Each structure stands twice: as C-alpha cells, then as structure tokens.
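Listed below, chain by chain, are the residues.
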Amino acid sequence: MKIFTAEQIYAADRFTIEKQQITSDVLMERAATQIYEWMNSRLQGAQVKIHLFCGIGNNGGDGVALARQLHENGYSIEVYVVNYSDKRSKDFLLNLDRLKERKLWPEFLDSGCDFPELGRKDIIVDAVFGIGLNRNPDAWVLKLINYLNTSSAFILSIDIPSGLFMERVPENRDDIIRANHVLSFQAPKLSFFLPQTGIYINQWELLDIGLDDEYLFKTETVYELIGKPEVLPMYMPRLKFSHKGNYGHSFIIGGSYGKIGAVQLAAKACLEIGSGLLTTYVPECGYIPMQTSLPEAMVIVDDEDEKITTINFDLKPTVVGIGMGMGTHKITIKAFSEFLKTNTAPLVIDADGLNILSGTPELLNRLPNQTVLTPHPKELERLLGKWRDDFDKLDRAKAFSKKYDCILIIKGAHTIVIYNGKGYVNSTGNPGMATAGSGDVLAGMITGLIAQGYNSLDASVFGVYLHGLSGDLSVSESGYEAVTASKLIDNIGKAFLELFRRPEQEQHIEEKN
Ligand SMILES: NC(=O)C1=CN([C@@H]2O[C@H](COP(=O)(O)OP(=O)(O)OC[C@H]3O[C@@H](n4cnc5c(N)ncnc54)[C@H](OP(=O)(O)O)[C@@H]3O)[C@@H](O)[C@H]2O)[C@H](O)CC1
Ligand SMILES: [K+]
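Model, not experiment: these values are computed from the prediction.

Draft legend 1. Highlighting the sheet that holds strand 16 (residues 406-410). The strand order 1-9-18-17-16-15-14-13-10-11-12 describes an open sheet built from 11 strands, whose pairing is mixed. Each edge of the open sheet is held by one strand with a lone partner, namely strand 1 (2-3) and strand 12 (298-301). Bridge count between strand 1 and strand 9 (residues 223-226): two bridges; the pairing is antiparallel. Within strand 9, the residue paired with I3 across the bridge is Y223.

Right under this line is the structure:
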C-alpha cells in the first residue's frame, strides 16, 4: 500500500474533485460520514459525552461536519473551535454555518481561556490539526494539547494526531496528541511507522473517502507499506520436478567461542525457509555443536579453535550469509577482507560483519551489487553516522544504499528495507521479537530466500515480512515475553501457510455456493 506525502494527498483531492465533478465539501462530508459510521458502529447510541476539538482548517472542518452528524443521530456532543488563526478554510466555514443553522453554538477557545472539563469516560475527537501542520503551534495550543493528553478520556484523532508533522520530528515530545486511535483517510502516513513519531499512535485504521483510483494507482511513492497483497506476488512456488539443487546452496560464515548459537540460529532459519543445501563455516569449537544440533547442515571449520582466521572453502555457494557471532578480532577482519576480494556470490551481512565494515569502510567498495545489510540501530549508526532524526536517518540510508548499491534493512518495530531510493515499510512483527538471536534468524531467512532464486530485494522485503509474521504467530502461541528466536524459526512454516489462508468469512461464502 502506497504511503503518500501531504502534497500527493492534496493533488489526489484536486484530481478527484475534477474527475468526479464534485465540490471539495463533498469529500469533507464523505470523511465525516466515514468517521461517524465508524463511531456509531462501536457506540451504538451510547450516551457518552463526545467533545470535539476542531481547528479552523479542513481537519477542523471534518470535526465540525462530524459533530453535525453525531448530533443528528442523537449523540451528546460539545464542539470547541480551537481558534489558532484567522485563516479559516472555506469548507470549515461552510460546516460551521451548517452547525449554527441547527442552533448548535460551539465554544471558541483562544489564548487565555479556560479549557473545558473532561470526564474520565468521555470521548475526545481530535480535529485540531491535520496534514496541513507546517510550523510549531502557539504556546496556548500546546497547552491545550497537553491538557487533552493528561485527561483520562479516550482520544480519537482525525487523520493524524494533532501536532504531528507529516515529514519531520517534533521539537518537544509533549507537543503532540497521544491518540488512542487514529482514523486516517485513504492512505497511511509515514510518521505512523517511525520510532520517534509512531509513539503518538496507539492504533490506526484507514477510512476510504473515495479518492480517485487512477490517481492512487499511477502516482509513484517513495515509501510503501508491505502487507500480504504486496508479498504474495513475490512467492515462488516449488516445482513438482525439482530437486534440492534447484533451491540453492547457502553458505553461512560466522561464530566465535561462546557465540556459535548465532550461526545455529541463522543456519536453522535458512533451512527452514527452504534453502536446498546449507554449509556453515565456523571456528573449530563450533564443529560438534553444529553437527549435533543441525544434522541437515554440512560444516567446514577454521584451523583455529575460537575464532575465524581464514575463510578457505571448496564449494560454489549460491549465496553467502556472513557475520553472525563472528567477532571483530584483527585476524577475523583480515579473513573477511580477503574473502571479499574473491567472493562473487550474493551476500547477506549481519552483526559483526557490519561492525567490521563500519570500522574498515574501504571494504564497502568490495561488496557485490545488491548486498543485503541487516543492521540493528547501533550498527546502523556506526555505518551512517549520527542522524538528526528519523527522517534524516531515512535520507542518509537512501544515500548510503545508492553509494554502495546495497540493500539496507533498518530493523525496528516497522523494519524498513531501503533500496534504489525507495523504502519498503514492514507491517508484521511485534515487541516480543525484541529478543536475543532474532536478528540472526532474519539474516538466515533472507540468505535462504536468495538461495532459492529470489532476487536480493524481494528476498529482503519478503524475508522481513515472514520474520514478522513468524513473530506474530509465536505471540499467539506463547505471549510476548516467551517469544524466543527458536520459536520464530519454528513458526516459519506456519507463516508460509498463513500467507495463503483466506479469511474465514470468504471461505464460508464459497462453501455455501
Ligand atoms: N484527501 C484527504 O485526505 C482529505 C482530507 N481532509 C482533511 O483535511 C485535512 C487537511 O486540511 P488543511 O486545511 O490542509 O490543513 P489543517 O487542517 O491541518 O491545517 C489548517 C491550516 O493551519 C495552518 N497552520 C499550519 N500549522 C499551523 C500552526 N502551527 N499554527 C497555526 N496555523 C497553522 C495552515 O495554513 P497556513 O496558510 O497558515 O500555513 C494550514 O493550512 C486533512 O488532515 C483531513 O483531515 C478533507 O476534509 C477531505 C480530503
Ligand atoms: K487531528
């Protein structure tokens, strides 16, 4: 699903208005009706007090139109106009008049006024600012935002929490509405998915206001939210007349004394996701652990017992995954550097492989095209340098990926795969996955997908999605705290099955037919 910028959303509005031969207030009315229906289906006429805080732009206009619909259907409402500017929008004014025609008089809030009393069980509709916010709100508006945040009432934000910018991080953490739920129009907003801005949103949902399909389809976006519809077409079914040689030979290099487990996890995940063959390269101390825990894998050992000192092997891997638990000893750096001189296979680099790269950046020039790098935040910072904020981080990541023609996977609550100036924002996964070895599993999964013939970008996007889905399945079995990297591996198979599971309702209709 595309993630549009504010400019693109405004352009979509104009295109829709022109093509559907409607006025702009029809779009506003559609927006308000969608929110009304969402609220009504949950409240079912309950006599709870609904406080609507409306700005003076179109976000405020949505709020005022919603107030009218709620009132007409018997809900108990209070409307407040947050009078932060004289530049009231045309459709806001139109809807304000419609409210007054019904003898509904909003309370106007200005600097210096007292804020209304809010009950614990009340509902706040936040329609102060939408996607048009372009500067810091005045101090008294920030005070209001703070006041709303400290109330215990449920906050429903329209389109985006007020105070949250579309493309930059707020200066002060307290200047943004902390929404219990956001009802956003047509498309998700990038700020919902970044660590510094996503924290203001507990849950979000999209409402379709009928923006023109042609515009939405044709307009290219930099960011895309990756869900099932995006990954299903990537799936490569297995062929009936195939053998293990068709699914590639993965080669996983890593481990050091006390960290052989990282290779075990990556190797298991690589096999579980479908790699045809797998060889691991570990220090000698890893031989017995690898052979006993993973009988499917072949093992080559280094001459040294505790660390990798040379990477000598006599096989032609389809793909190499390197770095998990490898350490950054001088001699290991030398071995890695020598390996890069001759390697031509596609690469997935994780953990200490990344630390070596950031300490010896000249090695970056030796990476084959489309090498996949899977850094966690600290490793990413070592590669990119300190970023100003999450948006700057994305810009730096795009520039880095372009410079070295590599695929950069920014791991987080919403992992983002960066390549060729684009960002693929993952939608699966959960905080249970913040656990030891989770990254080793991801690196192994991506390696295993490349082995089977997925191109490195698809393998990254699909691998990240399946990894998150395995995490979601693990949580449904054991709760957040008990998710471990091994459980993620156990659920890779179920994640594949889940991809093809149709919603129960759909199955039921088909059975009846
Ligand atoms: N397609 C859709 O998604 C539709 C969405 N709708 C709703 O419209 C808003 C966007 O409305 P807009 O009027 O463009 O913007 P806002 O309501 O967010 O802001 C209004 C104006 O406020 C000014 N502004 C910005 N920042 C500040 C500030 N810190 N202090 C004071 N004033 C500020 C700015 O105007 P300026 O000229 O003064 O810069 C804004 O324009 C969207 O979020 C949806 O809720 C439509 O209803 C239907 C289509
Ligand atoms: K809002």
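The rest of the description comes next.
Draft legend 2. Seen up close, the site of ligand 1. If you check the shell around ligand 1, you find 31 residues, and the closest are G57, N58, N59, G130 and G132. Going through the elements one at a time, helix 1 (6-19), helix 2 (24-43) and helix 3 (58-72) are the ones with two or more residues in the shell around ligand 1. Considering every element that reaches the shell around ligand 1, the biggest residue donor is helix 3, with five residues. Considering only residue class, the shell around ligand 1 consists of 13 nonpolar, 13 polar and five charged.

Draft legend 3. Fine view of unusual backbone geometry. In this model, Q21 sits at a positive phi of 50 degrees, which is unusual for a non-glycine residue. Non-glycine residue N420 carries a positive phi angle of around 55 degrees. Relative to the elements of secondary structure, N420 occurs in the loop between strand 17 (416-419) and strand 18 (422-426). By the C-beta count within 10 Å, which is 11 here, N420 ends up exposed.

Draft legend 4. Broad picture of the domain arrangement of the protein chain. Here the protein chain is partitioned into domain 1 (2-221) and domain 2 (248-499). Summarising the inter-unit geometry, the C-alpha centres of domain 1 and domain 2 are found 42 Å apart. When residues in the side of domain 1 that touches domain 2 are grouped by element, the largest group, four residues, is from helix 6 (residues 195-198). Classifying every residue of the side of domain 1 that touches domain 2 gives five nonpolar, three polar and two charged.

Draft legend 5. Layout of the environment of Y247. Within the secondary structure layout, Y247 lies in the loop between helix 8 (228-231) and strand 10 (249-253). Taking the C-alpha atoms as reference, Y247 lies 54 Å from N58; in sequence the two are 189 residues apart. When residues no more than four places from it in sequence are discounted, the contact partners of Y247 are G274, S275, G276, A451 and Q452.

Draft legend 6. Main features of helix 13 (residues 377-384). Regarding helix 13, the residues found buried are E379, L380 and L383. Each buried residue of helix 13 sits inside an arc of 100 degrees when the element is viewed along its axis, so together they form one side. Residues P377 and K378 are exposed on helix 13 and point more than 90 degrees away from its buried face. Buried residues belonging to helix 13 abut helix 12 (352-359), helix 14 (390-404) and strand 16. Downstream of helix 13 by one or two residues, G385 has phi in the positive range, about 85 degrees.

The rules we used
- Residues numbered from 1 in each chain as written.
- Chains lettered and ligands numbered in written order.
- Predicted model: local features only at pLDDT ≥ 70, side-chain atom pairs only at ≥ 80, totals over all residues.
- Pairing = 2+ DSSP bridges.
- Helix = DSSP H or I, 4+ residues; strand = E, 2+ residues; numbered from the N terminus.
- Near = placed C-beta within 6 Å.
- Nonpolar A, V, L, I, M, F, W, Y, C, P; charged D, E, K, R; others polar.
- Buried ≥ 20, exposed ≤ 12 C-beta atoms within 10 Å, placed from the backbone.
- Domains from an automatic or database assignment.
- Contact = placed C-beta atoms within 7 Å.
- Arc of directions from axis to C-beta.

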